[in-house]
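Working through the structure, step by step
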Amino acid sequence: MINIAVAQSGGPTCAINASLVGVFKESLKVSTIDAIFGSVNGIEGIIENHLVDLKSMILTNNDMELLKQTPSTVLGSCRYKLPDWHDDEEVYKKITETLKQRNIGAFLYIGGNDSMDTVNKLSEYFAEKAVDIKVIGIPKTIDNDLCITDHTPGFGSAAKYVATTMHEITRDSIVYSIPSVTIVEIMGRHAGWLTASSAVLHAMGETAPHLVYVPEVKFSLDSFLADVRQEMSKHKAVIVAVSEGIEVPEGVQSGVVDNFGHKYLSGIGKYLEDVVRSEIGCKVRSIELNVMQRCSSHLGSKTDIDEAEAIGAAGVRCALEGETGKVMVFRRIEDIPYTAVIETADAKDIANNEKFLPKKYINSAGNNIRDFALKYFLPLIQGDLNLITENGIPKHFAIHESVLK
Ligand code: F6P
């Protein structure tokens, strides 16, 4: 008999808990797996030996259904960068000690490209020290910037939220007779996937978003103002989607960085609002979708949540087959009808790399998304969750704060 451990890491999404359910449910089916441990705050929980017994917390099918509609990470998260073990082995020794002491034979880490650095480093360390503990990565991130995989769990739900919200903002923006500009700031770090997903409105005959700016295209303030003026000559209410990650002048963003050296990005929408106000002088508003785009599970994509669960389950099977240092990935077979299969990739090829929006998806002016790109996005946002509600709002599954402390 072995035990297994699962942890969640990086920025929240609507689908990370669905992957946890996938890991949990699949492990329950395996007679050789005994305890299923959840590590609190990602790898930090393993380092600190802060693990919880998930079987004593997730008791019923209803609990699992609730978890699947609960955004974020029920076990908490972290942005922890492991050192190179040749420079500092101490933390690796602690991790090995916790895992061995708990008889853990497989560790599943649900996270983005930084977390896959942990999967890679740990599996390499265990191989070097002949420690028989399998380490498998389960992808997630709203940024959709993991290499090799067609897409990442969490992206589809975030994209559905972005598109739906842009649609609603469009309706709200056109009510007055005066001209206006509405700038919507969207997350995604250095990759424009999520910002580009706002263009699925074009598939519904909407002209909005009229302008889309992604980090893959060098941003010019002069071109931006010319673009806005041009669109204002055609539309009363101009809607602009802008990625948080486009290049902006020093001082617009706070300069704060996380453990991986990533800048905390926020404020480009407000900055452009001020520019439009002073240079064009029309009614202008900026809207930062902020954390709502990654935690609005009431608008979750069923395709995304189902896939997140399936890829978590596949991770358990992969570990049991004896694999380690792998990340589970999706390979798309068809757009229509949408079909994808789950495969594995080496963690070293995914860790710390970024996958950008293909140049062919961006129009020649560099300020919008081509229609043919929509076939990539549309399948990922399909289907709605049949939400369990209480007092009129979606119910969540939570582990008591005192347990997570
Ligand atoms: O990596 C996911 C993400 O949501 C990015 O889109 C965003 O830039 C970043 O995390 C925000 O970081 P934090 O979770 O620390 O606010």
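Residues numbered from 1 in each chain as written. Predicted model: local features only at pLDDT ≥ 70, side-chain atom pairs only at ≥ 80, totals over all residues. Heavy atoms only, no water.

A word on the overall build of the protein chain
- Tallying secondary structure elements over the protein chain gives 13 helices and 13 strands in all.
- Here the C-alpha radius of gyration of the protein chain, 22 Å, is about what a compact globule of 405 residues would show, namely 22 Å.
- Taking the principal axes of the C-alpha coordinates as reference, the protein chain spans close to 70 × 50 × 45 Å.
- By residue count, 58% of the 405 residues in the protein chain fall in the buried class.
- Expressed as a percentage of contacts within the protein chain between residues at least 6 apart in sequence, the contacts between residues at least 24 apart total 77%.
- As presented, the protein chain carries roughly 16,800 Å² of accessible surface, and 50% of it is formed by carbon and sulfur atoms.
- For the protein chain, the distance from the average position of its 40 positive side-chain charges to the average position of its 53 negative side-chain charges is 2 Å. (Helix = DSSP H or I, 4+ residues; strand = E, 2+ residues; numbered from the N terminus. Rg over C-alpha atoms; globule rule 2.2 N^0.38 Å. Buried < 20%, exposed > 50% of the residue type's maximum accessible area, 1.4 Å probe, protein only. Contact = heavy atoms within 4.5 Å. Areas by Shrake-Rupley, 256 points an atom, 1.4 Å probe, with all protein chains shown as cover. Lys, Arg positive; Asp, Glu negative; His and termini not counted. Charge placed at Lys NZ, Arg CZ, Asp CG, Glu CD.)

Some remarks on the sheet that holds strand S7 (residues 211-213)
- Read from one edge to the other, the open sheet built from 4 strands follows the order S7-S8-S6-S9, with strand pairing classed as parallel. Each having just a single partner strand, S7 and strand S9 (283-288) make up the two edges of the open sheet. Averaged over all neighbouring strand pairs, the angle between strand axes comes to 15°, with direction disregarded.
- The pairing of S7 with strand S8 (residues 237-243) spans 3 bridges and is classified as parallel. Within the sheet, the bridge partner assigned to Leu211 lies in S8 and is Val240.
- Those strands touched by helix H9 (residues 268-279) are strand S6 (180-186), S8 and S9, and its axis lies near 160° from that of S6. (Pairing = 2+ DSSP bridges. Axes fitted to C-alpha atoms, helices over the stretch in contact; angles between N-to-C directions.)

Let's talk about a nonpolar patch on the surface
- Together, Val175, Tyr176 and Ile178 make up a nonpolar patch on the protein surface, roughly 320 Å² of accessible area in all.
- One can find Val175 in the loop between helix H6 (155-173) and S6. (Patch = residues over 30% accessible without salt bridge, like charges linked within 9 Å, V, L, I, M, F, W, Y side chains within 5 Å. Salt bridge = Lys/Arg side-chain N within 4 Å of Asp/Glu carboxyl O.)

A word on the nonpolar core
- Counting 36 residues, the largest nonpolar core has Phe155, Trp193, Leu194, Leu357, Ile369 and Phe377 as the members making the most contacts within it.
- Here this core gets 8 residues from one element, more than from any other, and that element is H6.
- Once residues within four sequence positions are removed from consideration, Ile369 is found in contact with Ala196, Ala199, His202, Val212, Leu357, Tyr361 and Ile362. (Core = buried A, V, L, I, M, F, W, Y, C linked by side-chain atoms within 4.5 Å.)

A closer look at the pairing of strand S11 (residues 339-346)
- Across 8 bridges, the pairing between strand S10 (residues 326-334) and S11 is antiparallel. Opposite Arg332, over in S11, you have Ala340 as the bridge partner.
- Turn length for the S10-S11 hairpin, with the two strands adjacent in sequence and antiparallel, is 4 residues.

Brief notes about the packing of helix H8 (residues 221-232) against H9
- The N-to-C vectors of H8 and H9 enclose an angle of 65°; their axes lie 11 Å apart at closest approach. Along this stretch, H8 crosses H9, giving a crossing that reads as right-handed. Contacts from Leu221, Phe224, Leu225 and Arg229 in H8 reach Tyr271, Leu272, Val275, Val276 and Glu279 in H9.
- Here the contact of H8 with H9 is built from residues that sort into 7 nonpolar, no polar and 2 charged. (Left-handed = near helix turned anticlockwise from the far one by under 90°. Nonpolar A, V, L, I, M, F, W, Y, C, P; charged D, E, K, R; others polar.)

Some thoughts on the site of the ligand
- Taken together, Arg79, Ile142, Asp143, Met187, Gly188, Arg189, Glu244, Tyr264 and Arg294 make up the full set of residues adjacent to the ligand.
- In the model, an oxygen atom of the ligand is placed 3.0 Å from a nitrogen or oxygen of the Arg79 side chain.
- The separation between an oxygen atom of the ligand and a polar side-chain atom of Glu244 is 2.6 Å.
- The protein chains hide 81% of the 390 Å² of surface that the ligand would expose on its own.
- When grouped by side-chain class, the residues that make up the shell around the ligand number 3 nonpolar, 1 polar and 5 charged. (Near = heavy atom within 4 Å. Polar contact = N/O pair within 3.5 Å; in protein donor to acceptor, adjacent residues only side chain to side chain.)

Take it as geometry only, folks, not as evidence of what the structure does.
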